[in-house]
Amino acid sequence: MTESETTPPKSKSKKVTKRVTPVQKSIKAGLIFPVGRIHRMLKSKVPLKRVSILSSVYLAAILEYLTSEVLELTISQVSMQSKEYHNVRRISPRHLLLAIKTDEELDNLIKVSTTIAGGGVIPYIHEVLKKVETKPTHPQKQTIKSI
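Residues numbered from 1 in each chain as written. Predicted model: local features only at pLDDT ≥ 70, side-chain atom pairs only at ≥ 80, totals over all residues. Heavy atoms only, no water.

Engineer: Honestly, the pattern of salt bridges in this entry has me stumped. Any pointers?
Structural biologist: Pairing between side chains of opposite charge can happen when their charged atoms approach one another. One pass over the full model with this rule turns up 2 salt bridges. In this structure, the salt-bridge partner of D107 is K101, at a minimum N-O distance of 3.2 Å. Look at D107 and you get partly exposed, because its relative accessible area is 25%. (Salt bridge = Lys/Arg side-chain N within 4 Å of Asp/Glu carboxyl O. Buried < 20%, exposed > 50% of the residue type's maximum accessible area, 1.4 Å probe, protein only.)

Engineer: Explain the packing of helix 3 (residues 35-45) against helix 4 (residues 53-84) to me, please; I cannot follow it from the model alone.
Structural biologist: Between two packed helices, the angle of one axis relative to the other and the distance separating the axes together describe the packing. Where helix 3 meets helix 4, the axes come as close as 9 Å, and the angle between the chain directions of the two elements is 115°. The two elements helix 3 and helix 4 meet at a crossing, and its hand is right-handed. Facing helix 3, whose interface residues are V35, I38, H39 and L42, helix 4 presents I53, S55, S56, V57, L59, A60 and L63. Each residue belonging to the contact of helix 3 with helix 4 can be placed in one class, and the counts come to 8 nonpolar, 3 polar and no charged. (Axes fitted to C-alpha atoms, helices over the stretch in contact; angles between N-to-C directions. Helix = DSSP H or I, 4+ residues; strand = E, 2+ residues; numbered from the N terminus. Left-handed = near helix turned anticlockwise from the far one by under 90°. Contact = heavy atoms within 4.5 Å. Nonpolar A, V, L, I, M, F, W, Y, C, P; charged D, E, K, R; others polar.)

Remember, this is a structural readout, not a statement about activity or role.
Structure (structure tokens):
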């Protein structure tokens, strides 16, 4: 064996490139909601079929913010009910309804037309139906005893 047989020729050496691992768009944007999935859904719904990835990131950020806001208010409703009654550890549709309807901005966003299944109704008693202690209109007559 000679040197030329054991060592590869220098002119035909290949450049070795390292493959970069793909990073999800959600991680790049610092979000939890799936930006790629939202982008795919937007492309299927928009008639132009050309949607910027920034619009998907923006929409995912909005959805994530609204979800965290609703969950924060719902958790406060659960903790309030847990103090009043027994240890409540589950979020029910009732808690969601109360959280959304007590917050003015979320109530305007979701409006009256939306119903939450199993949410019940908002506790409200009309003023007319409340019992009010009324004073008698005629004062009681005092009788004078004659001696």
